[in-house]
Amino acid sequence: MLVLSVSLILMAGIAWFFVDTIRHSHEGPSDDVLANRRTSAIWGLTAFGVVISVASLWSWPHAVSAADDVVTVNATGGQWYWDIDVEEVPAGRTVVFNAHTEDVNHGLGIYGPDGRLHIQVQAMPGYVNQIEYVFDEPGLYQVLCMEFCGIAHHDMIAEFTVVAN
Ligand code: CUA
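Quantities reported herein were computed from a predicted structural model and do not represent experimental measurements. (Residues numbered from 1 in each chain as written. Predicted model: local features only at pLDDT ≥ 70, side-chain atom pairs only at ≥ 80, totals over all residues. Heavy atoms only, no water.)

Caption draft 1: Structural view of the sheet that holds strand β8 (residues 139-145). Spatially, the five strands line up as an open sheet ordered β3-β9-β8-β5-β6, and their pairing is mixed. Each end of this open sheet is capped by a strand with a single partner; those strands are β3 (88-90) and β6 (117-123). Neighbour-to-neighbour, the strand axes of this sheet turn through a mean angle of 25°, independent of strand direction. Across six bridges, the pairing between β8 and strand β9 (residues 157-163) is antiparallel. Residue pairing in the sheet places L140 in a bridge with T161 of β9. (Pairing = 2+ DSSP bridges. Helix = DSSP H or I, 4+ residues; strand = E, 2+ residues; numbered from the N terminus. Axes fitted to C-alpha atoms, helices over the stretch in contact; angles between N-to-C directions.)

Okay, structure coming up:
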């Protein structure tokens, strides 16, 4: 919507410039007048472009990602449990999960209140695998294991709550 509006305004500006030039063409303006008009049009459009660029790039996602209000969660898997070091995470903020394992490969899978799988990442011996996510919907989320890891694989269930921010 913003892009469309800006495009229409710019197109109207350029169209006005052409119409104005054609309207005045029979008057046979001097070279000075033409040169002045050209110069002010170029400076006007340049200033307009700078303002639009700054305004539209202000909330560049890189700045958000680099902000220190990222929430870090350490999730450690083992036979057969998940150890999650938080009970609550805020909605609408970037959450970084560090997936560890104490023994074999596990799969960190996070299911929402609606039973939908939101994210998953492998937990591998000797590595910390990271995945980041922004939870939009508050509620009770479940951490399940996505990798068959032995007799009680299905018992690897933990929970945390996403709270409205
Ligand atoms: Cu851990 Cu399956």
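Caption draft 2: Up close: a nonpolar patch on the surface. Residues I9, L10, L45, F48 and I52 make up a contiguous nonpolar surface patch of roughly 400 Å² in combined accessible area. Looking at the nonpolar patch element by element, the count peaks at three residues for helix α2 (residues 31-57). Note that I9 resides in helix α1 (residues 2-25). What makes I9 exposed here is its relative accessible area of 53%. (Patch = residues over 30% accessible without salt bridge, like charges linked within 9 Å, V, L, I, M, F, W, Y side chains within 5 Å. Areas by Shrake-Rupley, 256 points an atom, 1.4 Å probe, with all protein chains shown as cover. Salt bridge = Lys/Arg side-chain N within 4 Å of Asp/Glu carboxyl O. Buried < 20%, exposed > 50% of the residue type's maximum accessible area, 1.4 Å probe, protein only.)

Caption draft 3: Expanded view of the side chain of H153. With respect to the secondary-structure elements, H153 resides in the loop between β8 and β9. Within the local environment of H153, its side chain forms a polar contact with the backbone oxygen of E147, the two atoms lying 3.0 Å apart. Beyond its immediate stretch of four places on either side in the chain, H153 contacts W80, C145, M146, E147 and F148. (Polar contact = N/O pair within 3.5 Å; in protein donor to acceptor, adjacent residues only side chain to side chain. Contact = heavy atoms within 4.5 Å.)

Caption draft 4: Quick look at the pattern of salt bridges. For the structure shown, the criterion picks out one salt bridge. Across the pair R116 and D114 runs a salt bridge, and its minimum N-O distance is 3.6 Å.

Caption draft 5: How the structure looks around the nonpolar core. Residues W82, V89, F97, F135 and F160 are the most contacted members of the largest nonpolar core, which totals 26 residues. Of all the secondary structure elements, the ones that give two or more residues to this core are β1 (71-78), β2 (81-84), β4 (94-101), β5 (106-111), β6, β8 and β9. In contact with F135, not counting residues within four places along its chain, are V89, A91, G92, R93, V95, F97, I110, Y141, F160 and V162. (Core = buried A, V, L, I, M, F, W, Y, C linked by side-chain atoms within 4.5 Å.)

Caption draft 6: Structural view of the packing of aromatic side chains. Here the structure, examined in full by the defined rule, presents six aromatic pairs. An angle of 70° between the planes, with centres 5.7 Å apart, marks the rings of F135 and F160 as edge-to-face. Highlighted residues: F135 in the loop between β7 (129-134) and β8 and F160 in strand β9, separated in sequence by 25 residues. Take F135: its relative accessible area is 0%, and that puts it in the buried class. (Phe/Tyr/Trp six-rings, centres within 6.5 Å; stacked < 30°, edge-to-face > 60°.)

Caption draft 7: Structural view of the sheet that holds β2. Across the sheet, four strands lie side by side as β2-β1-β4-β7; this open sheet has mixed pairing. The open sheet has two free edges, formed respectively by β2 and β7, since each of these has just one partner strand. Neighbour-to-neighbour, the strand axes of this sheet turn through a mean angle of 25°, independent of strand direction.

Caption draft 8: The environment of G139, seen in detail. Relative to the helices and strands, G139 is located in strand β8. Taking the relative accessible area as the measure of exposure, G139 reaches 21% and is therefore partly exposed. The sequence separation of G139 and A91 amounts to 48 residues, and the corresponding C-alpha distance is 9.4 Å. Excluding its chain neighbours within four sequence positions, the residues that come into contact with G139 are P113, F160, T161 and V162.

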